[in-house]
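# Secondary and tertiary structure notes
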Amino acid sequence: LRAGRYTGAASGAAGDHEAARVLRARGDRDLIAIRAAMNILEKWGCSTEQQQNILQLSRAALYKYRQKETKTASLTHDQLTRISYLLNMHSALRIVFSNPENVYGFMTMENHNAYFNGATPLSLIEGGEFGNLHEVAKRVDVLRGGLAG
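In this report, we go over the structure that sits alongside the text. On a predicted model such as this, the values are computed, not experimentally measured, just so you know.

Rules used in this analysis
Residues numbered from 1 in each chain as written. Predicted model: local features only at pLDDT ≥ 70, side-chain atom pairs only at ≥ 80, totals over all residues. Heavy atoms only, no water. Helix = DSSP H or I, 4+ residues; strand = E, 2+ residues; numbered from the N terminus. Buried < 20%, exposed > 50% of the residue type's maximum accessible area, 1.4 Å probe, protein only. Contact = heavy atoms within 4.5 Å. Areas by Shrake-Rupley, 256 points an atom, 1.4 Å probe, with all protein chains shown as cover. Patch = residues over 30% accessible without salt bridge, like charges linked within 9 Å, V, L, I, M, F, W, Y side chains within 5 Å. Salt bridge = Lys/Arg side-chain N within 4 Å of Asp/Glu carboxyl O. Phe/Tyr/Trp six-rings, centres within 6.5 Å; stacked < 30°, edge-to-face > 60°. Lys NZ or Arg CZ within 6 Å of the ring centre and 35° of its normal.

## Re the overall build of the chain
Within the chain, the secondary structure is distributed over seven helices and zero strands. In sequence order, the chain lays out its α and β elements as α-α-α-α-α-α-α. Taken across its 149 residues, the chain has 34% of its residues classed as buried. By sequence separation, contacts in the chain at least 24 residues apart represent 55% of the contacts at least 6 residues apart. Carbon and sulfur atoms make up 53% of the accessible area of the chain, which amounts to about 8900 Å² in all.

## Brief notes about a nonpolar patch on the surface
Nonpolar side chains collect at one region of the surface, where Ile95, Val96 and Leu143 lie side by side and expose about 250 Å² of accessible area between them. In this structure, leucine 143 sits in helix α7 (residues 130–143). On the basis of relative accessible area, leucine 143 is assigned to the partly exposed category, the value being 40%.

## A short note on the packing of aromatic side chains
The full count for this structure, using the stated rule, is three aromatic pairs. Ring centres 5.7 Å apart and planes at 55 degrees place the aromatic pair tyrosine 85 and phenylalanine 130 in the tilted group. Here the residue tyrosine 85 occupies a position in helix α4 (residues 77–96), and phenylalanine 130 occupies one in helix α7, the gap between them amounting to 45 residues. By relative accessible area, which is 32% here, phenylalanine 130 ends up partly exposed. The interplanar angle of 40 degrees and the centroid separation of 5.8 Å between the aromatic rings of phenylalanine 97 and phenylalanine 106 together place this pair among those described as tilted. Over the ring of tyrosine 115 we find arginine 139; its NZ or CZ atom is 4.1 Å from the centre of that ring.

## Quick word on the environment of valine 96
For valine 96, the location among the structural elements is in helix α4. A relative accessible area of 33% means that valine 96 is categorised as partly exposed. On a C-alpha basis, the gap between valine 96 and leucine 143 in space is 6.8 Å, while along the polypeptide they are 47 residues apart. Filtering out sequence-adjacent residues up to four positions away, valine 96 remains in contact with Leu143 and Arg144.

See below:
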């Protein structure tokens, strides 16, 4: 016994199986998330390079995650946060707009509100800077009635 815990082989084997199950579940979750984000970015008209920048993925990883044969993904906390912003923006746009042209076209439309100053939301996030993604997501969220700040 060490620190009140049994460290024998039986416990280790069960622990190994549980750890493998948790890693598989995380890999499945990550793959679902990255594919959802890539699908949204494609519908927004993003190029491969823009997707790489926004998601902070290498070209090889982007293509790997597109393949049906790929069964799991391993994403960083930063990448998962980026995906969360993208999914939230997509959700907000679906709430605000009823037509697909605006839901998927909004990100490429010039916006004359103070932060955008005539730029498109996509042009602000395409470089992959986290701060820009955060700011654009915050402003898209306001459209659906969210609070800025």
